[in-house]
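The chain contents come next:
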Amino acid sequence: MSAFRKTIIAAVSGAVLTFGAMSAKAADIVDTAVSAGSFNTLVAAVKAAGLVETLKGDGPFSVFAPTDDAFAKLPAGTVEDLLKPENKDKLVAILTYHVVPGKVMAADMSGKEMMVESVLGDTIDVNAMKGVMVDDATVIQADIIADNGVIHVIDTVIMPGM
């Protein structure tokens, strides 16, 4: 393993999460998600919603990023419907619900229950008493550092109280 790559292991409320090798020079949130390879649906949705430039901006942002498998759990046709131009406002609302202003690391949440305000303006229920839950989603990988924030991988798409 080169000096520019390392594996990060962190304990979050007794659960050990392993983070893949990451280069010393992080990319922005969008580029980090693209290079991970498990966020193709999320990246397509961010593009359809016109949020690429925002998430490439200065930030910092904390993104609860659903994997492709998380999107696959939605009822059949949901993703395709959300990607239609006429549903852009709903898509933007769902995506901005997954983003919290500021850089919130796993250690900031560990051992706490709290409500955090999303960029959408709705609050997300965070329970980090045993592992980390955000609404009904489990954080399966935390603290993926990007130049403009941090990504926490979740196993379920969370929905605002639209």
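Keep in mind it's a predicted model, so treat the numbers as computed, not measured.

Conventions adopted
- Residues numbered from 1 in each chain as written.
- Predicted model: local features only at pLDDT ≥ 70, side-chain atom pairs only at ≥ 80, totals over all residues.
- Heavy atoms only, no water.
- Helix = DSSP H or I, 4+ residues; strand = E, 2+ residues; numbered from the N terminus.
- Buried < 20%, exposed > 50% of the residue type's maximum accessible area, 1.4 Å probe, protein only.
- Contact = heavy atoms within 4.5 Å.
- Areas by Shrake-Rupley, 256 points an atom, 1.4 Å probe, with all protein chains shown as cover.
- pLDDT = per-residue confidence, 0-100.
- Pairing = 2+ DSSP bridges.
- Axes fitted to C-alpha atoms, helices over the stretch in contact; angles between N-to-C directions.
- Polar contact = N/O pair within 3.5 Å; in protein donor to acceptor, adjacent residues only side chain to side chain.
- Salt bridge = Lys/Arg side-chain N within 4 Å of Asp/Glu carboxyl O.

### Considering the overall build of the protein chain
When helices and strands are counted, the protein chain shows seven helices and nine strands. Here the protein chain, with 162 residues, has 42% of them falling under the buried criterion. Restricting to contacts in the protein chain with at least 6 residues of sequence separation, those with at least 24 account for 60%. Just so you have it, the protein chain exposes about 8,200 Å², and 56% of that area is on carbon and sulfur atoms.

### Some points on the confidence of the model for the protein chain
Averaged over all residues, the pLDDT of the protein chain equals 84, while 83% of them reach at least 70. Residue range residues 1-24 is modelled with pLDDT below 50. Its contacts to residues more than four positions away, or to other chains, number 45 contacts.

### Digging into the pairing of strand β6 (residues 123-127)
The alternating pattern of β6 places Ile-124 and Val-126 on a buried face, while none of Thr-123, Asp-125 and Asn-127, on the opposite face, is buried. Sheet topology places strand β5 (residues 113-117) next to β6; five bridges connect them, and they run antiparallel. Bridge assignment links Met-114 to a residue of β6, and that residue is Val-126. Following β5, the chain reverses through five residues before pairing antiparallel with β6; Gly-121 in that reversal takes a positive phi of roughly 110°. Turn length for the β6-strand β7 (residues 133-134) hairpin, with the two strands adjacent in sequence and antiparallel, is five residues, and the turn residue Gly-131 shows positive phi of about 75°.

### Here we look at the sheet that holds β6
If you walk across this open sheet you meet the seven strands as β4-β3-β9-β8-β7-β6-β5, and the pairing is mixed. Strand pairing shows two members of the sheet lacking a second neighbour, β4 (99-101) and β5, which therefore form its edges. Contacting β3 (61-66), β8 (137-146) and β9 (149-154), helix α1 (residues 29-36) crosses the sheet at an angle of about 40° to β9.

### Quick notes on the side chain of His-98
Mapped onto the elements, His-98 comes out in the loop between α6 (88-97) and β4. Overall, His-98 belongs to the buried group, its relative accessible area being 3%. Only 2.8 Å separates the side chain of His-98 from the backbone oxygen of Ile-94, close enough to count as a polar contact. Residues within four places of His-98 in sequence aside, it is in contact with Ser-62, Val-63, Phe-64, Pro-66, Ile-154, Val-157 and Ile-158.

### Concerning the pattern of salt bridges
Per the stated rule, a full pass over the model turns up three salt bridges. A salt bridge links Asp-28 to Lys-56; the shortest N-O distance between them is 3.0 Å. One end of the pair, Asp-28, is in the loop between β2 (15-23) and α1; the other, Lys-56, is in the loop between α3 (52-55) and β3, and 28 residues separate them in sequence. Lys-84 is the partner of Asp-81 in a salt bridge, and the nearest nitrogen-oxygen pair spans 3.6 Å. Residue classification places Asp-81 among the partly exposed positions, given a relative accessible area of 37%. For Lys-84, a relative accessible area of 38% corresponds to the partly exposed category. Residues joined by salt bridges that share partners form a network here, namely Asp-28, Asp-31 and Lys-56.

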